[in-house]
Amino acid sequence: MADMKTAAYICKGCGIGERVDTARMAKVATKEGKMHLAREHDFLCSAAGVQTIQDDIDKEGVTHLVIAACSRRAKTEAFHFPGVALARANIREGVIWARPDTAEARETTQEMADDYLRMGCGEVKKMKLPGGNPDTGHAKRLLVVGGGISGLTAALEASKTGYQVVLVEKSAELGGWTAELYRRMPFREPYADPQHTGMAELIKEVASDANIKLITNAVIAKTDGAPGRFKVDISVESGPSLTEEVGAIIQATGFTTYDIARLPELGGGKSANVIDQAGLERLAKEAADKGQPIRRPSDGGEVKCVVFVQCAGQRDGSGRHLAYCSGFCCGASVKQAMYFKDANPAIDTVVIYDDLRLPGNGEDFYRSAQKKGVTFTKGKVASVEAKGDGCEVKFRDLILDEDAAIAAADLVVLATGQVPNSGVNIDIPEEEVAKMEVKPVSILNLAYRQGKDMPQLTHGFTDSHFICFPYETRRTGIYSAGPVRRPMDIAQAVEDATGATLKAIQAMENAELGRAAHPRSGDLSYPIVQLDGCTQCKRCTVECPFGAIDEDEKTYPVFNESRCRRCGTCMGACPVRVISFENYSCDTVGAQIKAVDMPDEFSEKPRILVLACENDAYPALDMAGMQKNCYSAFVRVIPVRCLGSVNTIWITDALNAGFDGIMMLGCKHGEDYQCHFVKGSELASVRMSKVDDTLKQLALEAERVISHEVAITDIARVPQLINDYAAKINEIGMSPLKGFA
Amino acid sequence: MGDLNQQMLDKYRNNFLREVEEKVDDGGWVKMCMQCGVCAGSCTFGPDWEHTPQKIFMMIRAGKREEVLGSHSMWLCTSCYNCMVRCPRELPITHIMHGLASYAHRLGLAPKNQPTRDFSLIFWENCTKTGRVNELRMTISVYFREGFMSGVKKMWTLRNIGRGLFFAKRLNPLELFVSHGCKDKDGLRRALKKADEIEARRRGYAVQPRGYSS
């Protein structure tokens, strides 16, 4: 770039000036970093300091800045200069706060500061100002799939916020499971009695909302495009198909009840008097319509004793039934026991439970049921068998530790769980799908290379970043809400749908501006591919955790930038390094690696490269600095967007440059992953497992490249890991590759 | 007294929980137990109990009438109130335990030869007779509760303490023959009788004199 004008600013505030020689750093910037301009300032983030920089941009035409001051995570508002490329050298948290203030440490601390400045100078020259994704879409309508409580709530919330909605429901009627209920669990003070579902009113409200277009008896035939420009084909049972253009999608397809016929040991499917909770809701509704008490299904006899069996076919360790707890069923049984107790206190109602789970205000509801005389027995039901007019329930009393029985239960209600309606599990290979008796039916029919539906985490629930970003799925702009995401009750589904709606609106707005959605929300950079170098190896298309990359007929990657979350996993995957971001690429990191001043083999000063995930590991290091948890002066830390973006060329570059060890700090992966980009750290660990062979070929020790899973809270652990590794490197000795680069 | 038991059996048939709710002091709280086990874990007598409060409550709900009323557990309660202050559902557990013991005793279902129960009865008889506890007589009654020889043995073991008490003027052998009482003994008896009547009326019993039942 001919008109690149570079400048470095070195702050002396926060004690930097007393701990390191900033004049020497300014010299490093101009001599070694080849900066056109280098200035020191006593207090760079002050109005005067910021003005100095702004003046240089305005008058001197500076286009690329390096700020050597605090961490890139601090003072982001003060150091916000739109229109110029900016690199930050972390002298405060990363150097002076992470080093002891002693005379003997002074030399190595200074070297550390110099190196970070060199790295910043190297990086900034390779950076371009991100221009924003050109692949924008302008559709601001929201598609909601599913017309149950979650879907209706989502539609209504979006409409209230001023957005248009298309709501597609498979059946003829709106309302879903909630409409099937006689009453719902209380959701207001005093949480004592079952309440009306309010579904009829909600349906009326949605039906009369001018912003909401209702399409019933319809399914999604095809979904193509990206956030801001999804094209959705909707096939209607009787009538012409429709195509709608929408900006974002909420999948609120709910659940199916677990089939009680699969529980013959609990009398499921064997006796008319053994029903599931949905069955009891039907009985209660019918009875209420007739103005009569609930009768025994087998012969219409009087109900004197009802037994509720909790965890029926749930929390099952044998692998035959659902392994998980559906969470809503304890509350539902308490509510249903009240149907009987409120009508006639003389009816015996026994809830046999293993753990009664009524979180939050559910505790008040539980207490209310106890006051009403519902009996709660901690036990495990062994069998339910038809006997006389009713059933005999045999169970193990877990408090008294003995076998017990209820001889004459007129009605037995099995609390079965929720099975999510999440469509096709795209991780099951096609050969296995072919063997299945019942073929899974796709819900969204995505025209994505990676499969027709959203990826699932476990038990068929859609994958979302459970802890940090629960609404975000692995398909940008498509959100799952309600029991398709995790088992839940009505109150939780309403909250879930509201949250998902707001995220979907953000996604549409970001898509229009060409910016990323979470977690790099607002990021204007996007992956750029040089197709002439591409070898069609498909690694990027296969590994993208968000299904952002399709393939054309020649198997070249086709990037859908609006679907991209900017993690750089494709960049890390690319063996020929043709994928890059304007401000983050193989070159920007490579330049930092090469900029480090490498002491020779006999200096007793090893150099360790730390590639730290910017989401957890880097903040942990910053906080370690704030806590003055010191660590070795031999490390040089480079933040990366995700370990998934680490390209093996950086490892090669670092080893060639003479680094003695490379340490990668990323997030936890596996089923309870913490990775902000879901698969990044997992993919990195797979890639790095192959590095060992390369190291052996180079006659290097396998310990030269290591990785650790760290959390943001590991403020004491991360410095310890670094120090331990530095000691290890000291033990195995300096790299033999020094001095060749 | 067996009549009262039969009467209650007839009245409540197999709904023991309702019987407890209506007849036992603070029995209405039993249904509010959530079986967390904090009482069982807090009890100073923990491992020595036949049934912890948690189990007693569960047995009541399971209708185990004879087992509950015949249990030794309630009689072992030292009234330390640990369970009661810790109960997250704020059940007056100590009171319920005493209520159950008292009810079991009234029905004649309490365990025989239970030391705490025997002591209570001896104490009651001793103190209601004159309105004051005659310590010497009471001690002797307790010592000889299990027979003459065991009484002699116990007295022999504690002879030095007895001597010490005598010289400290804390023990007057004459009390064995003449016990001094309160002023209005008849008034006291009338008050106790009245209290019995009130309680019986409230609980719906036929008026029965208190005392050793079998």
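The residue numbering used here restarts from 1 in each chain and proceeds along that chain's sequence as written. Working convention: letters from A go to chains and numbers from 1 go to ligands, in the order in which they are written. Restriction of local features to residues with pLDDT of at least 70 applies here, the model being predicted, together with a cutoff of 80 or more for giving and counting side-chain atom pairs; totals for whole chains, interfaces and linings are based on all residues. Hydrogen atoms and water are omitted, and side-chain values are computed over all heavy atoms in the structure.

(A) Molecular detail of the overall build of chain B. Counting secondary structure elements, chain B contains 13 helices and 0 strands. Elements are defined by DSSP. Helices are runs of H or I of four residues or more, strands are runs of E of two residues or more, and each kind is numbered from the N terminus. Ordering the α and β elements of chain B from the N terminus gives α-α-α-α-α-α-α-α-α-α-α-α-α. A principal-axis box enclosing the C-alpha atoms of chain B has dimensions of 55 × 40 × 30 Å. A burial count over chain B gives 39% of its 214 residues as buried. Every residue pair with non-hydrogen atoms within 4.5 Å of one another is taken to be in contact. Considering only intrachain contacts with a sequence separation of at least 6, the fraction spanning at least 24 residues in chain B is 63%. To be clear on the numbers: accessible area is Shrake-Rupley with a 1.4 Å probe, and residue cover counts the displayed protein chains and nothing else. Working note: accessible area of chain B is about 12,400 Å², and carbon and sulfur atoms make up 57% of it. Positive and negative side-chain charges in chain B, numbering 34 and 22 respectively, have mean positions lying 4 Å apart. The buried label goes to any residue with under 20% of its type's maximum accessible area, the exposed label to any with over 50%, and the partly exposed label to all in between, with areas taken from a 1.4 Å probe on protein chains only. Positive residues here are Lys and Arg, negative ones are Asp and Glu, while His and the chain termini are left out of the count. Charge coordinates come from a single atom per side chain, which is NZ of Lys, CZ of Arg, CG of Asp or CD of Glu.

(B) How the structure looks around the overall build of chain A. Along its length, chain A carries 21 helices and 31 strands. Along the longest, intermediate and shortest principal axes, the C-alpha atoms of chain A span 95 × 60 × 55 Å. Per-residue burial over chain A gives 57% buried out of 741 residues. Pairs at least 24 apart in sequence give 70% of the contacts found in chain A among residues at least 6 apart. When the accessible area of chain A is evaluated, it comes to approximately 30,100 Å², of which 50% is carbon and sulfur surface.

(C) Layout of the packing of aromatic side chains. All names here are of chain A. Each Phe, Tyr or Trp ring (for Trp, its six-membered ring) is paired with any other whose centre lies within 6.5 Å, and the angle between the two planes then decides the class: stacked below 30 degrees, edge-to-face above 60, tilted in between. In this structure the tally under the stated criterion is 11 aromatic pairs over all chains. Taking 5.0 Å as the distance between ring centres and 80° as the angle between the ring planes, the aromatic pair formed by Tyr182 and Tyr339 counts as edge-to-face. Here Tyr182 is found in the loop between helix 7 (176-180) and helix 8 (199-207), whereas its partner Tyr339 is found in helix 10 (residues 329-343), with 157 residues between them in sequence. Looking at Tyr339, the relative accessible area reads 9%, which means it is buried.

(D) Examining the domain arrangement of chain B more closely. An automatic or database domain assignment supplies the start and end points of every domain. Here chain B is described as being made up of domain 1 (2-111) and domain 2 (115-185). Put simply, the middle of domain 1 of chain B and the middle of domain 2 of chain B, counted by C-alpha atoms, are 31 Å apart.

(E) Expanded view of the pattern of salt bridges. Residue and element names in this part refer to chain A. Salt bridges are counted wherever a side-chain nitrogen of Lys or Arg sits within 4 Å of a carboxyl oxygen of Asp or Glu. Counted under the stated rule, the structure contains 64 salt bridges over all chains. With a closest N to O distance of 3.2 Å, Lys140 and Glu509 form a salt bridge. With Lys140 in the loop between helix 5 (106-126) and strand 5 (142-145) and Glu509 in helix 13 (residues 490-512), this pair connects stretches of sequence that are 369 residues apart. A relative accessible area of 27% means that Glu509 is categorised as partly exposed. Through salt bridges with shared partners, a single network forms among Glu32, Glu107, Glu111, Asp115, Arg118, Lys605, Arg607 and Arg636.

(F) Representation of helix 8 of chain A within the structure. Residue and element names in this part refer to chain A. Taken together, the buried positions of helix 8 are occupied by Met199, Leu202 and Val206. The buried side chains of helix 8 occupy one side of the element, clustering within an arc of 60° when seen end-on. In helix 8, the exposed positions angled more than 90 degrees off the buried face are occupied by Ala200, Glu201, Lys204 and Ala207. Tucked into the core, helix 8 has its buried residues touching helix 6 (149-160), helix 7 and strand 7 (212-215). An arc is given here, and it is the one of the directions from the helix axis to the C-beta atoms.

(G) Focus on the interface of chain B and chain A. The interface of chain B with chain A comprises 13 residues on the first partner and 14 residues on the second. Note on definitions: buried area is the accessible-area loss of two parts on being combined, 1.4 Å probe, summed for both. Of the roughly 1,200 Å² buried between chain B and chain A on both sides combined, carbon and sulfur atoms contribute 56%. If you look at where chain B meets chain A, you find 2 salt bridges. One salt bridge connects Lys64 of chain B with Glu402 of chain A, and the closest N-O pair in it is separated by 2.5 Å.

(H) Seen up close, the packing of helix 9 (residues 115-130) of chain B against helix 13 (residues 185-203) of chain B. All names here are of chain B. Following both chains from N to C, one finds helix 9 and helix 13 inclined at 130°, their axes separated by 7 Å at the closest point. The orientation of helix 9 relative to helix 13 falls into the category oblique. Within the contact between the two elements, helix 9 uses Trp124, Thr128, Lys129 and Thr130 and helix 13 uses Lys185, Leu188, Arg189 and Leu192. Of the residues that constitute the contact of helix 9 with helix 13, the class distribution is 3 nonpolar, 2 polar and 3 charged. Working convention: axes come from line fits to C-alpha atoms, limited for helices to the stretch in contact. Angles between N-to-C directions cover 0 to 180 degrees. Orientation labels follow simple angle bins: below 35 degrees gives roughly parallel, above 145 gives roughly antiparallel, 65 to 115 gives roughly perpendicular, and whatever is left gives oblique. Gly counts as polar in this scheme, as do all residues outside two lists: the nonpolar Ala, Val, Leu, Ile, Met, Phe, Trp, Tyr, Cys and Pro, and the charged Asp, Glu, Lys and Arg.

(I) Expanded view of the environment of Thr178 of chain A. All names here are of chain A. Summarising the element assignment, Thr178 is placed in helix 7. Placed 28 residues apart in sequence, Thr178 and Ser150 show a C-alpha to C-alpha distance of 9.8 Å. Sequence-distant contacts of Thr178, that is, excluding residues within four places in its chain, are made with Ile149, Thr197, Met199 and Ile490.

(J) Fine view of the sheet that holds strand 30 (residues 661-666) of chain A. Residues and elements named next belong to chain A. One bridge is not enough; two strands pair if DSSP finds at least two bridges between them. Taking strand neighbours across the sheet as the criterion, the 4 strands line up as 29-28-30-31 in an open arrangement whose pairing is parallel. Strand pairing shows two members of the sheet lacking a second neighbour, strand 29 (635-640) and strand 31 (705-709), which therefore form its edges. Averaged over all adjacent pairs, the angle separating strand axes in this sheet is 20°, with direction ignored. In terms of strand pairing, strand 28 (residues 608-613) meets strand 30 through 5 bridges, oriented parallel. Along strand 30, the bridge assignment pairs Val610 with Met663. Across the sheet, helix 17 (residues 617-626) lies against strand 28, strand 29 and strand 30, angled at about 115° from strand 28, the strand it touches most.

(K) Spotlight on the sheet that holds strand 10 (residues 242-246) of chain A. All names here are of chain A. In space, the 3 strands of this open sheet follow the order 8-9-10, with antiparallel pairing throughout. Single-partner strands in this sheet number two, and they are strand 8 (218-224) and strand 10. When the angles between neighbouring strand axes are averaged without regard to direction, this sheet yields 30°. In this structure, strand 8 lies alongside strand 9 (residues 230-236), joined through 6 bridges in antiparallel fashion. For Ala218, the partnering residue across the bridge sits in strand 9 and is Val236.

(L) How the structure looks around the domain arrangement of chain A. As assigned here, chain A comprises domain 1 (1-129), domain 2 (142-254 + 421-512) and domain 3 (263-417). For domain 1 of chain A and domain 2 of chain A, the distance between their C-alpha centres works out to 48 Å.

(M) How the structure looks around unusual backbone geometry. All names here are of chain A. Cis geometry is found at the peptide bond from Glu189 to Pro190, where omega equals 0°. Turning to its location among the elements, Pro190 is positioned in the loop between helix 7 and helix 8. For Cys311, which is not glycine, the phi dihedral falls at a positive 55°. Note that Cys311 resides in the loop between strand 14 (305-309) and helix 10. Judged by relative accessible area, which is 16%, Cys311 ranks as buried. Phi at Asn445 takes a positive value of approximately 45°, unusual for a residue other than glycine. Locating Asn445 in the fold gives a position in the loop between helix 12 (430-435) and strand 21 (464-465). Asn445 gets classed as buried once you look at its relative accessible area, which sits at 17%.

(N) Quick peek at the pairing of strand 5 of chain A. Residues and elements named next belong to chain A. Alternating positions in strand 5 separate into two faces, Leu142 and Val144 on one and Leu143 and Val145 on the other, with burial throughout. Both strand 5 and strand 6 (residues 165-168) contribute to a ladder of 4 bridges, which runs parallel. Among the inter-strand pairings, Leu142 is bridged to a residue of strand 6, identified as Val165. Handedness of a crossover: with both strands directed away from the viewer, a clockwise path from the first strand across the helix to the second marks it as right-handed. With respect to chirality, the unit in which strand 5 leads through helix 6 into the neighbouring parallel strand 6 is right-handed. The pairing of strand 5 with strand 11 (residues 248-251) spans 4 bridges and is classified as parallel. Its bridge partner lying in strand 11, Leu143 is registered against Ile249.

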